[in-house]
Amino acid sequence: GVTLAQCIKTGVDNPGHQHIKTVGLTAGDEESYEVFKELFDPVIDARHGGYGADAKQPTDLDLSKVSDIDMDPDNKYIETTRVRTGRSMRGFKLPPTIGFEERRKLEALAVKGLLNLSEDLKGDYFPLHGSHSYQAKPNGMSEEKEGELRTMGNLFQEPDSTLLLASGMGRHWPDARGIFHNAAKNFFVWVGEEDHLRIVSMQKGDDIKDVFSRFAIACNEVQKVLTSEGYDFMHNGHLGFILTCPSNLGTGLRAGMLINLPLFSAREDFKD
């Protein structure tokens, strides 16, 4: 099982800063949130701005509710749009505590499911360079592929922050970690980073509705291929989707845009 000491280690090792607020607590498995709820519940409540121990998580991925407003009609400012989330696979420990062989089993199961995706989501899996866990690519991706993904902003790096290292995220690096993407390179799944899976939809321009649509479809399709193998995502009615850090519970969704504002820093009050 997972101990309380493992859950609080990153906070104990990194007392933090009075002006920089972060969560010094990680879950080692799905049960951590229930077994240690007397600690986790107040942290979740504080981090999410008021979320009681009996609250219900209102996940809503209804595409019809996404605005149709064109945020950059002249295509002058928004370079790329991205929507992502994390997902954890039930039956496995979370990244801070997962063992070497269990991590490899998780990767094999995730990749088997991902390679069964079809149509616009169909693609291939590329283990991180130096990983020897995936038989089809026993030495991981090439350095050239690494460079390509890095340029696209879709290569996750070895953890170097004291928060991540203290939690146990960097163990066995880079073994059993990698990136799946489709042929169009607008759908990515990171395997074995801070969460079991990071699902990413992105493309050039400002069409958030198109990006979100692909994201929602991808989340459903990934879940379908996993359930066909007898597995599912960690989820409950109170916390929503279960992830490693309490700050990411719920939908786990993050949406953002890379915006080009060439004259912004020229303002005299920019540093203010």
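One can find the structure itself at the top, above this paragraph.
None of these values were measured; they are calculated from a predicted model. (Residues numbered from 1 in each chain as written. Predicted model: local features only at pLDDT ≥ 70, side-chain atom pairs only at ≥ 80, totals over all residues. Heavy atoms only, no water.)

Chemist: Explain the layout of surface pockets to me, please; I cannot follow it from the model alone.
Modeler: It is the rolling of a water-molecule-sized probe over the atoms that shows where space remains empty. Considered as a void within the structure, the largest pocket measures approximately 330 Å³ in volume. Lining the largest pocket are 20 residues; nearest its centre among them are Leu164, Glu194, Cys245, Ser247 and Asn248. With 3 residues, the single largest contributor to the lining of the largest pocket is helix α6 (residues 162-167). Grouping the constituent residues of the lining of the largest pocket by class yields 6 nonpolar, 8 polar and 6 charged. Here the second largest pocket is characterised by a volume of approximately 260 Å³. Looking at the lining of the second largest pocket, its residues break down into 4 nonpolar, 3 polar and 5 charged. (1 Å grid on protein atoms, 1.4 Å probe; cavity = no way out; pocket = protein on both sides within 12 Å on 5 of 7 lines; lining within 4 Å. Points joined across faces, edges and corners; volume = space filled by probe spheres on them. Helix = DSSP H or I, 4+ residues; strand = E, 2+ residues; numbered from the N terminus. Nonpolar A, V, L, I, M, F, W, Y, C, P; charged D, E, K, R; others polar.)

Chemist: Any chance you could explain the environment of Met169 here in plain terms?
Modeler: With respect to the element layout, Met169 can be found in the loop between α6 and β3 (178-182). In the structure, Met169 is positioned 168 residues away from Gly1 in sequence and 17 Å away in space, judged by C-alpha atoms. When residues no more than four places from it in sequence are discounted, the contact partners of Met169 are Pro95, Pro96, Pro159, Leu164, Arg177, Glu194 and Thr244. (Contact = heavy atoms within 4.5 Å.)

Chemist: Any chance you could explain the pattern of salt bridges here in plain terms?
Modeler: Opposite charge on two side chains makes pairing possible when the charged atoms of those side chains draw close. One pass over the full model with this rule turns up 15 salt bridges. Here Asp175 ties to Arg104 by a salt bridge, and the two come within 2.8 Å at their closest N and O atoms. Of this pair, Asp175 sits in the loop between α6 and β3 while Arg104 sits in helix α4 (residues 100-114), placing them 71 residues apart in sequence. We classify Asp175 as buried; its relative accessible area is 8%. By relative accessible area, Arg104 is classed as partly exposed at 25%. The residue Lys224 makes a salt bridge to Glu221 at a minimum N-O spacing of 3.3 Å. Pair noted here: Lys224 and Glu221 are both in helix α7 (residues 208-227), with a separation of 3 residues, about one helical turn. (Salt bridge = Lys/Arg side-chain N within 4 Å of Asp/Glu carboxyl O. Buried < 20%, exposed > 50% of the residue type's maximum accessible area, 1.4 Å probe, protein only.)

Chemist: Quick question: what am I supposed to make of the nonpolar core here?
Modeler: Note on soluble globular proteins: their nonpolar side chains tend to be buried together. Among the nonpolar cores identified, the biggest contains 32 residues, and Met89, Leu117, Phe187, Val189, Leu197 and Val222 are the most heavily contacted of them. Taken together, the elements giving at least two residues each to this core come down to α4, β4 (187-191), β5 (197-204) and α7. In terms of residue count, the dominant contributor to this core is α7 (10 residues). If you look at the next biggest cluster of nonpolar residues, it comprises 17 residues, including Cys7, Ala27, Phe40 and Ile44. (Core = buried A, V, L, I, M, F, W, Y, C linked by side-chain atoms within 4.5 Å.)

From the geometry alone we can't say anything about function, so treat these as descriptive.
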